[in-house]
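Spelled out from the first residue to the last, the chains are:
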Amino acid sequence: HRWTPDVYEGAPTPVTTFFASAPKVAAIALTMRVALLAFEPQAEAWRQIVVFAALASIVVGAPGAIGQSNIKRLMAYSSINNVGFILIGLATATAAGASAVRVYLAIYVAMTVGGFVAVLMMKDAHGAPVEGVADLAGLSRTRPMLALCLAAIMFSLAGIPPLFGFWGKFVVFQAAVEAGYVALAAIGIAASVIGAFYYIKIVKVMYFDEPADVIT
């Protein structure tokens, strides 16, 4: 995952949107077919690898986003974190887990595309892209609809009910608990709480800070 933040920040936002959605869907879909169809009888052998990958993604993604000043880098660490949640569902090696992965993927793609569309709409007076978190200050007063849409996406990514992001996490953690992986689900829930901090921080900047008057 280490390339992700630099590429997300350096690439044009439409390219970043593609990287954040399509390759993940393809990679997870292929991994599911190989793991759950070709190697289903050897689930105990590959499960520990998937659990390790899930935990590594969560440990890198959740704390890594804290302190990021560029919203695209923040979204990059968020995507790493979300892959960890998806792999929790895969690690169960059950039908409920596979279904949860598909649900989470569908919701994640919608949230990601929506988030980057909002980023695409953020431009300064000269038409240059604005990507700094600090530049979002007071956006609710200068671009209220844009701020509302971005806030809804941030709350959904944070897993705030009743938004779709909550249900994606709910079905994944439910599948993990039903399969007996309570500790893994607990770690995922703890990571969700950490993630909520930096998502809600974006909302706080937009709604409670003095306007930066950068985005027009």
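Up top is the structure.
Residues numbered from 1 in each chain as written. Predicted model: local features only at pLDDT ≥ 70, side-chain atom pairs only at ≥ 80, totals over all residues. Heavy atoms only, no water.

Caption draft 1: Examining the side chain of Arg47 more closely. Structurally, the position occupied by Arg47 is in helix 3 (residues 43–64). Within the local environment of Arg47, its side chain forms a polar contact with the backbone oxygen of Thr92, the two atoms lying 3.2 Å apart. Ignoring sequence-local partners within four residues, the contact set of Arg47 consists of Ala91, Thr92, Ala93 and Tyr181. (Helix = DSSP H or I, 4+ residues; strand = E, 2+ residues; numbered from the N terminus. Polar contact = N/O pair within 3.5 Å; in protein donor to acceptor, adjacent residues only side chain to side chain. Contact = heavy atoms within 4.5 Å.)

Caption draft 2: Broad picture of unusual backbone geometry. Residue Pro162 is reached from Pro161 by a cis peptide bond, and omega for that bond is 5°. Position of Pro162 relative to the elements: it lies in the loop between helix 7 (144–158) and helix 8 (164–178). Positive phi, close to 55°, is recorded for Ala93, a residue that is not glycine. Assignment of secondary structure puts Ala93 in the loop between helix 4 (71–91) and helix 5 (95–120).

Caption draft 3: Structural view of the nonpolar core. Core analysis: the biggest nonpolar cluster contains 36 residues, and Ile71, Met122, Leu136, Leu150, Met154, Ile202 and Met206 have the highest contact counts within it. Taken together, the elements giving at least two residues each to this core come down to helix 4, helix 5, helix 7 and helix 9 (182–208). Counting residues per element, this core draws most heavily on helix 7, at eight residues. For Ile202, the residues in contact, after removing those within four places along its chain, are Leu74, Val133, Leu136, Leu150 and Met154. The next biggest cluster of nonpolar side chains, apart from the first, holds 31 residues, and it includes Phe85, Val101, Phe173 and Ala185. (Core = buried A, V, L, I, M, F, W, Y, C linked by side-chain atoms within 4.5 Å. Buried < 20%, exposed > 50% of the residue type's maximum accessible area, 1.4 Å probe, protein only.)

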